[in-house]
Structure formats: C-alpha cells, structure tokens
Amino acid sequence: MGIAAAIGVLSPFPFYYWLWTSPQTWVALCGNGRDPCKVMAYVAHFLKLIQFLSLVSVSTISWPPPLYFWPLIAFGQFLNFRVYQLLGEAGTYYGVRFGKNIPWVTEFPFGYIKDPQYVGSILSLFACLSWVPFLYIFLWTLGYVFMIHVESKEDPATRAKPLS
C-alpha cells in the first residue's frame with residue numbers, strides 16, 4: 001500500500017500545477033455557463049478524498065492523541081476556514097487565474113502569515129504525525145511547498161480571459 005498511498009497523497013498537485021500554468025485551457029474546458037472555480041472545487045474535493053483515504057490506509061489511529069495535536073489542528077483548521085471565509089470559493093480556487101476580479105484581502109491572517117491556507121494545511125498534517133508515518137506527511141508537505149513556489153511566480157499576463 002506504500003506506493004499507492006504515496007501516489008494518492010501527491011495526486012492533486014499535478015492538477016493544481018496544470019490549472020495554475022494553463023488557466024485558459026481550464027476555462028475553455030469548463031465552457032460557457034460553468035464556473036471554472038466551482039468545477040475546480042469539485043475536482044479538488046475528490047482529490048482531497050483520495051489524499052485522505054491514502055493517509056488512512058497507512059495510519060495507525062490511537063486515542064487520545066498527543067497534546068501537540070490539539071493546538072496544531074485547531075490553529076491549522078482556523079487558518080483554512082478563515083482563508084475560505086475571506087476569499088470565498090472563487091478566491092480559494094484560483095479565481096484570479098481564471099479571469100475573475102478577486103479583491104485584495106489584508107485582514108488576518110493575510111498580511112500576517114504568508115500563504116495562510118498552506119500553513120494551516122501543513123499544521124493540520126503535522127498534527128497527525130503520531131498516526132501517519134512521516135514519509136506521507138513529508139510528501140504532502142512537499143506538494144504544498146511546491147505549489148507555494150509555483151504560485152509565487154504569478155504573471156498577470158498569463159491569466160485566463162473569461163469566456164463571453
């Protein structure tokens with residue numbers, strides 16, 4: 001199950017890379033009348049399920065979790081929910097790359113924590129270290145670090161033009 005779990009953990013990142021680097025292709029593939037952010041969200045949720053099932057397949061769950069679990073999972077999930085609350089679906093799922101006008105946000109955690117959604121996700125992953133072998137947490141974290149790097153190089157000239 002090791003190789004399959006590793007592939008499952010890494011499965012979303014080629015998709016995210018493709019969308020970030022080829023947003024016009026995605027917008028065209030979604031077609032008129034379909035919101036590319038919403039379609040991305042559906043695919044991302046499916047890929048997140050694959051990641052979760054991959055982790056569960058290599059996990060050993062014990063209760064209660066270690067004390068470090070609670071602050072890491074609480075703050076990590078707080079950051080994730082806060083980012084989604086502030087950006088909404090379009091802001092979270094590459095709306096700016098798909099030609100949407102997403103307002104710049106400066107409220108916490110933005111302006112205080114660089115890449116707060118990725119930081120929150122990584123904290124949540126590390127909360128699970130007592131249950132999940134380090135390799136899988138490391139691979140998933142590498143995927144996030146890779147996407148942080150890719151997304152830091154955003155060129156506005158490569159954004160998609162909305163279909164009319």
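Let me sum up the structure you'll find in this document. No experiment lies behind these values; they were computed from the predicted model shown.

Reading the values: rules and limits
Residues numbered from 1 in each chain as written. Predicted model: local features only at pLDDT ≥ 70, side-chain atom pairs only at ≥ 80, totals over all residues. Heavy atoms only, no water. Patch = residues over 30% accessible without salt bridge, like charges linked within 9 Å, V, L, I, M, F, W, Y side chains within 5 Å. Areas by Shrake-Rupley, 256 points an atom, 1.4 Å probe, with all protein chains shown as cover. Salt bridge = Lys/Arg side-chain N within 4 Å of Asp/Glu carboxyl O. Helix = DSSP H or I, 4+ residues; strand = E, 2+ residues; numbered from the N terminus. Buried < 20%, exposed > 50% of the residue type's maximum accessible area, 1.4 Å probe, protein only. Arc of directions from axis to C-beta. Contact = heavy atoms within 4.5 Å. Core = buried A, V, L, I, M, F, W, Y, C linked by side-chain atoms within 4.5 Å.

## As for a nonpolar patch on the surface
So, step 1. A surface patch of nonpolar side chains, about 500 Å² in accessible area, is lined by Phe46, Leu49, Phe52, Leu53 and Val56.
So, step 2. Following the sequence through the fold, phenylalanine 52 ends up in helix H4 (residues 36-57).

## Concerning helix H2 (residues 12-21)
So, step 1. The complete set of buried residues in H2 reads Pro12, Phe13, Phe15, Tyr16, Leu19 and Trp20. All buried residues of H2 lie within an arc of 160° about the axis, which places them on one face of the element.
So, step 2. Contacts from the buried residues of H2 go to helix H1 (2-10), helix H3 (23-30), H4 and helix H7 (134-152).

## Observations concerning unusual backbone geometry
So, step 1. Each neighbour pair has its own omega, and for tryptophan 63 with proline 64 the value is 0°, a cis peptide bond.
So, step 2. Structurally, proline 64 is set in the loop between H4 and helix H5 (69-92).
So, step 3. Of the consecutive residues phenylalanine 108 and proline 109, the connecting peptide bond is found in the cis state with omega at 15°.
So, step 4. You can see proline 109 is positioned in the loop between H5 and helix H6 (116-127).

## A few points about the pattern of salt bridges
So, step 1. Tallying each qualifying case throughout the model produces six salt bridges.
So, step 2. Across the salt bridge formed by glutamate 89 and lysine 38, the nearest N and O atoms sit 3.1 Å from each other. Separated by 51 residues along the polypeptide, glutamate 89 in helix H5 and lysine 38 in helix H4 bring together distant segments of the chain.
So, step 3. Ionic pairing is found between glutamate 154 and arginine 97, a salt bridge with its closest N-O pair at 3.0 Å. Placement of glutamate 154 in the segment after H7 and of arginine 97 in the loop between H5 and H6 is noted, with a sequence separation of 57 residues between them.
So, step 4. We classify arginine 97 as buried; its relative accessible area is 2%.
So, step 5. Salt bridges here are not isolated pairs; linked through shared partners, they connect Arg97, Glu154 and Arg159.

## Comments concerning the environment of serine 152
So, step 1. With respect to the helices and strands, the residue serine 152 is situated in helix H7.
So, step 2. Given the relative accessible area of 45%, serine 152 is considered partly exposed.
So, step 3. Put simply, serine 152 and aspartate 115 are 37 residues apart on the chain and 9.5 Å apart in space, counted from C-alpha to C-alpha.

## Structural notes on the nonpolar core
So, step 1. With 38 residues, the main nonpolar core has Tyr16, Trp26, Met40, Tyr94, Phe98, Val132 and Tyr136 as its most contacted residues.
So, step 2. For this core, the elements supplying multiple residues, two or more each, are H1, H2, H3, H4, H6 and H7.
So, step 3. Setting aside residues up to four positions removed in sequence, tyrosine 94 forms contacts with Tyr16, Leu19, Trp20, Cys37, Met40, Tyr118, Met147 and Glu151.

## Structural notes on the environment of tyrosine 93
So, step 1. Along the polypeptide, tyrosine 93 turns up in the loop between H5 and H6.
So, step 2. Separated by 56 residues in the primary sequence, tyrosine 93 and cysteine 37 place their C-alpha atoms 5.2 Å from one another.
So, step 3. Other than its neighbours up to four places away in sequence, tyrosine 93 contacts Cys37, Met40, Ala41, Ala44, His45, Tyr84 and Phe98.

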